[in-house]
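Here is how the chains run, residue by residue.
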Amino acid sequence: MGQPSTRAHARRVELILERLTSLPTLSSVAQKLMSAGSHDEIDIQELARLIEADPSLTGKVLSMCRGADKGLGDKITDVQRAITLLGLDAVTSAVLSVEVYEILNKSQQSGSGDGFDATGHWRHAIAVAAGAELLAAARFGRGAEKHEKPETAFVAGLLHSIGRIALEIVLPDAYSKVLSVAAQRGSDSAALEREIIGIDHLTAGKRLAEHWGLPKMLRDVVWLHATPVISLPGVPHKDLIAVVAASKALCRRLNLGWSGDFADPPDVTEVCVTAEFDPEHIERITVELADTVADRSQTLGLDEVSGTALMLESVLRANSRLAQLNHTLSSRSAHSEQQRGVLKAITSFTHKASQGGLTEALSAAASSARSLVGGVFAGAVIQPSDGEPWQALRFDANGMLEHSAVEPGPEAQDGSAVNLRDVLEGGHAPPSSRQAILPWISDHLTDGGGLAGLRVIGLPSLGDLEGGAAMLVVDDDFKQAVPSEVQRTALLASWAGAIGWALRSDTVDRLANELTERHAELASAQAKLAETRSMAHLGEMTAGAAHELNNPLTVIKGYGQILRREARESSVREPAEKIADAAQQLSDLITGLHLLADPPEPKMARTVVNEVLNDALALAKERSTCAFSTRLVIPDLTPVIRSDQALLARALAELISNAAESDSSEIIEVRVQTDPLDDRLMVVVKDHGRGMDEPTLTHAFDPFFSAKPAGRAQGLGLCRARRLIELMGGTITLASEDGEGTTATVTLPGWRVETDERRPGAAAA
């Protein structure tokens, strides 16, 4: 949940402040007393009559005045005498104390939230007030300046936390939440008030004090008493603020009343030293503080309690505080232990998930979830994107047991397909879709074991993958095993992040492989295009050469034959034979080039494999100058094939002739077989000769390329063979190592014919 906008936050604070200003205001008597600067500015008799018009107020004011200066004892019997003997400031402080207590206490009765201890709050406020009064008397004496007088310190202490009770009055539910969280965290409440409500009790108290028209020194105490004294060097009334701060620290240390703060209180001695107070003052006032608090509580009408009872209450609060701290420490220890387990699980999962791809990431996440819940079953379901097949995976301790792509996925009762991401996001999917998930998972992951104990852990979005969603499946309650929502969120984010990353990585790898294949296909296509263009150009040249050379070659060959036939001397006959042979070679070369450039249209028909091989052997022996032996390996019941018998025989003859010239005396093996993966027919010609080095193997199919010395071979045999095989839709590949022999493989797809005629075929030649 994001933070509210600045404008919305400001408006919320303003509404709270408006509610604060709706609280009752001080009486006209209190306002008149605060507006009077001295005895000369007010009619004492008139003021006394106004106070005495309220008997309850009169009694409390007189009690407060007697408590403020015990030396006068019973001399203070009426309000006018109190003003005369004690001064206007003492009476004003007494009236303010009584009125503020009655206004806020009465307003608070109508709206008390859980966690707010009203009696404890006022007990603490009175304790701080009494402590401030005693500390001011010890520090400044009774003849101090107005803002340092003990009675002023009492009022300041009593009012210091009016903002807290004001917030509790106008926002009881929200303030109860603040107090609950503060107690759980063991922290003071001001920061949480700003976080949850938008305004703290310090600012709220200052605003209420302004609404009541209280003097600035009291407003400053309400607003700044929680600020460290060392941070108040230039603030007016610093001494009064420091007195209240020191008294509050003492009362929190003594557990007098309920402060609404749960962190450890500031060190009282340190506060005194910083404020340049004598720390011994604190020790002296501590002795009489409990009795003073009891007396003032009774005077204001809080309740009747003795100093001894207050000290006992203080001990009980300290014990309760200690018990709360022990509980908090125990809870934090358990939370820390659980957090260590979660962090360990995340660390272990991250290590395992980084070892491989998507399957490994799913396995690691499912195993991590199974370990946390203490179960024995772990599975996963993933839909990489909308429209793709669902994948169901089941894992054991060593990895994957079962992995299947399942299509179609689960269907709702109306027959519509269930979108996994919509189900996981909750509100987007109808109930029927969510109900269809568990039976479908059970069918594909539990071997029909049913739904008993099966729990689905939906993972958050897998990043920017369009429609990608996944869930883990275990056999115990994940929320019960990891009760902390923060920890569950961290785990789910860790699992989803790694799975999403693995899914993207697999996608990138797949696209990279496809790109590599497309590049290879493009390179092959470009090479074929270049070869086709070369062949076309060669065809044009061959056609022109055939036209221009055939007639002269015919004349040369004819006269060579005549000379060879009619010559009587060997010195003439031998050159004539060479002339005729050379002319024939040129004629054959032109014919071979013409075959490459303008090959015939293959005539595909039913062909018997044995006949093709016999034709190929005959052609090879006719052409080859080397004696060789072959072994034919043909499977039993070899079917007839669909091919051009003449072209296939010519191509195989080229391969056999090439093998015969490999300088090997071993038998050449010619094997016929089918590829079990894609049912292609394969004819393999293998020799055990000298083999080919890498450059020779690279250029073996190039026209006019030959590894033999110049003039020993034309270098068109393998080129012609590949051209003929490609005409029938097949391919030729070579595998060879220098000195290890060569294997030529002819592959023919689409070789089957409608009628499977088979015949035995093991033969040797």
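Residues numbered from 1 in each chain as written. Predicted model: local features only at pLDDT ≥ 70, side-chain atom pairs only at ≥ 80, totals over all residues. Heavy atoms only, no water.

## Remarks on a nonpolar patch on the surface
Stage number 1. A cluster of nonpolar side chains, namely Leu312, Val315 and Leu316, defines an oily patch on the protein surface of about 290 Å² accessible area.
Stage number 2. Structurally, Leu316 is set in helix 17 (residues 307–353).
Stage number 3. Owing to a relative accessible area of 52%, Leu316 belongs among the exposed residues under this scheme. (Patch = residues over 30% accessible without salt bridge, like charges linked within 9 Å, V, L, I, M, F, W, Y side chains within 5 Å. Areas by Shrake-Rupley, 256 points an atom, 1.4 Å probe, with all protein chains shown as cover. Salt bridge = Lys/Arg side-chain N within 4 Å of Asp/Glu carboxyl O. Helix = DSSP H or I, 4+ residues; strand = E, 2+ residues; numbered from the N terminus. Buried < 20%, exposed > 50% of the residue type's maximum accessible area, 1.4 Å probe, protein only.)

## Points about helix 12 (residues 201–212)
Stage number 1. Between its terminal C-alpha atoms helix 12 stretches 16 Å, which fits the 16 Å expected from twelve residues at 1.5 Å a residue.
Stage number 2. By the burial criterion, the buried members of helix 12 are His201, Leu202, Ala204, Gly205, Leu208, Ala209 and Trp212. The arc that holds every buried residue of helix 12, seen down its axis, measures 160 degrees, which confines them to one face.
Stage number 3. Two residues or fewer past helix 12, Gly213 is found with a positive phi of approximately 75 degrees. (Expected span 1.5 Å × (residues − 1). Arc of directions from axis to C-beta.)

## Structural notes on the environment of Thr674
Stage number 1. By secondary structure assignment, the location of Thr674 is in strand 10 (residues 668–674).
Stage number 2. Using a relative accessible area of 37% as the deciding quantity, one classes Thr674 as partly exposed.
Stage number 3. In the structure, Thr674 is positioned 73 residues away from Thr747 in sequence and 9.0 Å away in space, judged by C-alpha atoms.
Stage number 4. Contact partners of Thr674, with chain neighbours within four places excluded, come to Arg680, Leu681 and Trp751. (Contact = heavy atoms within 4.5 Å.)

## Some points on the confidence of the model for the protein chain
Stage number 1. This prediction gives the protein chain a mean pLDDT of 77; 79% of its residues lie at or above 70.
Stage number 2. Considering each helix and strand of the protein chain separately, the mean pLDDT is smallest for strand 15 (residues 762–764), with a value of 38, and largest for helix 13 (residues 216–224), with 92.
Stage number 3. For the stretch residues 756–765, pLDDT sits under 50, and the model shows 30 contacts to residues farther than four places along the chain or on other chains. (pLDDT = per-residue confidence, 0-100.)

## Structural notes on empty space enclosed by the protein
Stage number 1. Taken as a whole, this structure holds four cavities of 30 Å³ or more when the rule is applied.
Stage number 2. The space that makes up the second largest cavity amounts to roughly 60 Å³.
Stage number 3. Lining the second largest cavity are Leu655, Asn658, Ala659, Val685, Asp687, Met692, Leu718, Leu734, Thr742 and Ala744.
Stage number 4. Elements with a minimum of two residues in the lining of the second largest cavity: helix 25 (645–660) and strand 13 (741–748).
Stage number 5. Of the residues in the lining of the second largest cavity, the class split is seven nonpolar, two polar and one charged. (1 Å grid on protein atoms, 1.4 Å probe; cavity = no way out; pocket = protein on both sides within 12 Å on 5 of 7 lines; lining within 4 Å. Points joined across faces, edges and corners; volume = space filled by probe spheres on them. Nonpolar A, V, L, I, M, F, W, Y, C, P; charged D, E, K, R; others polar.)

## Notes on the pattern of salt bridges
Stage number 1. Tallied over the full model, the rule gives 16 salt bridges.
Stage number 2. Asp188 serves as the salt-bridge partner of Arg252, at 3.5 Å between the closest nitrogen and oxygen. Here Arg252, found in helix 14 (residues 238–253), pairs with Asp188, found in the loop between helix 10 (172–185) and helix 11 (190–196); they are 64 residues apart in sequence, far enough to count as distant.
Stage number 3. Residue class for Asp188 comes out partly exposed when judged on its relative accessible area of 32%.
Stage number 4. The closest approach of N and O atoms between Asp220 and Lys216, which form a salt bridge, is 3.0 Å. Within this pair, Asp220 and its partner Lys216 are both found in helix 13, separated by four residues, close to a single helical turn.
Stage number 5. A relative accessible area of 5% places Asp220 in the buried class.

## As for the nonpolar core
Stage number 1. Core analysis: the biggest nonpolar cluster contains 106 residues, and Leu26, Leu104, Trp212, Leu214 and Leu289 have the highest contact counts within it.
Stage number 2. In terms of residue count, helix 7 (residues 118–140) provides more of this core than any other element does, 13 residues in total.
Stage number 3. In this view, Leu214 contacts Leu26, Met34, Leu96, Leu159, Ala209 and Arg219; residues no more than four positions away in its chain are not counted. (Core = buried A, V, L, I, M, F, W, Y, C linked by side-chain atoms within 4.5 Å.)

## Notes on unusual backbone geometry
Stage number 1. Even without being a glycine, His237 presents a positive backbone phi close to 65 degrees.
Stage number 2. Inspection of the secondary structure puts His237 in the loop between helix 13 and helix 14.
Stage number 3. One non-glycine residue with positive phi stands out, namely Asn255, at about 60 degrees.
Stage number 4. For Asn255, the location among the structural elements is in the loop between helix 14 and helix 15 (268–274).

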